[in-house]
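Topology and contacts: notes
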Amino acid sequence: MVILDDFLQTAEVAVVDSFSLYRIAVGHTPDGAALGEAARVGRIRLVTPTVAFAVACGMRTCWDESCDESHKDGTGQPVRKFLELGGVEMVNLTPAETVSAGKLYAGCLDCRVTGAEVLAACHSALLAKAWEAPLISAVRAAYCYAALDRTEMDIGIELI
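Treat the numbers as computed from the prediction; the structure is a model and nothing was measured. (Residues numbered from 1 in each chain as written. Predicted model: local features only at pLDDT ≥ 70, side-chain atom pairs only at ≥ 80, totals over all residues. Heavy atoms only, no water.)

**A short note on helix 3 (residues 30–40)**
All of the buried residues along helix 3 are Gly32, Ala34, Leu35, Gly36, Ala38 and Ala39. One or two residues past the end of helix 3 sits Gly42, with phi positive at roughly 90°. (Buried < 20%, exposed > 50% of the residue type's maximum accessible area, 1.4 Å probe, protein only. Helix = DSSP H or I, 4+ residues; strand = E, 2+ residues; numbered from the N terminus.)

The structure is reproduced here in structure tokens:
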């Protein structure tokens, strides 16, 4: 929690990927719950690419590996509610940024790392770079970023 407190003191805006968006919206982890509350009260502005929001809402099961709850209403409901409450803002990438995200995804395909969540991660990484903002992710999402050249992307990733 100390790391999160330091992060909240230094960051005004942060990009969330589909994994972290879900964790924050549901609040299953202490850091996720704290970030969600900080966003709702205006201590930090959380933004996410539209693609990452859609992927988080479209999950068929909970993305939190420590969760033992039954999500009868689907995993998208808490994510949509979090958006409605002002916890996160959806951002559309420009056409040029979208093409660049597609190129990042093509590099992931070359490494046989595929899936909607990987495409969403490419969009999230690109948004973080464009906004010069930290990217918030989850340990479980590490495979989504494995094929990205982080030195080229020049982004910091905070894990919750």
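**Focus: the sheet that holds strand 4 (residues 135–137)**
The sheet built from 5 strands is open, its strands ordered 3-2-1-4-5 with parallel pairing. Here the strands that pair on one side only, and so sit at the sheet edges, are strand 3 (89–91) and strand 5 (157–159). Put simply, the sheet's adjacent strands are angled 35° from each other on average, direction ignored. Of the pairings in the sheet, the one linking strand 4 to strand 5 comprises 3 bridges and is parallel in character. Residue pairing across strands places Ser137 opposite Leu159, the latter belonging to strand 5. Contacts from helix 2 (residues 18–26) reach strand 1 (13–16), strand 2 (45–49) and strand 4 within the one sheet, and its direction differs from that of strand 1 by about 110°. (Pairing = 2+ DSSP bridges. Axes fitted to C-alpha atoms, helices over the stretch in contact; angles between N-to-C directions. Contact = heavy atoms within 4.5 Å.)

**Brief notes about the packing of aromatic side chains**
If you walk through the whole model with that rule in mind, you get 1 aromatic pair. Summarising the aromatic geometry, the rings of Phe19 and Tyr143 are spaced 6.3 Å apart at their centres and angled 85° between planes, so their arrangement reads as edge-to-face. Remark: Tyr143 occurs in helix 8 (residues 142–145) and Phe19 occurs in helix 2; sequence separation between them is 124 residues. By relative accessible area, Tyr143 is classed as partly exposed at 33%. (Phe/Tyr/Trp six-rings, centres within 6.5 Å; stacked < 30°, edge-to-face > 60°.)

**Side note on the pairing of strand 1**
The side chains of a regular strand alternate, first on one face of the sheet and then on the other. Of the strand pairs in this sheet, strand 1 and strand 2 are connected by 3 bridges, and their pairing is parallel. Looking across to strand 2, one finds that Ala14 is bridged to Leu46. Pairing of strand 1 with strand 4 involves 2 bridges; the strand directions are parallel. Along strand 4, the bridge assignment pairs Val15 with Leu135.

Keep in mind these values describe shape, not function.
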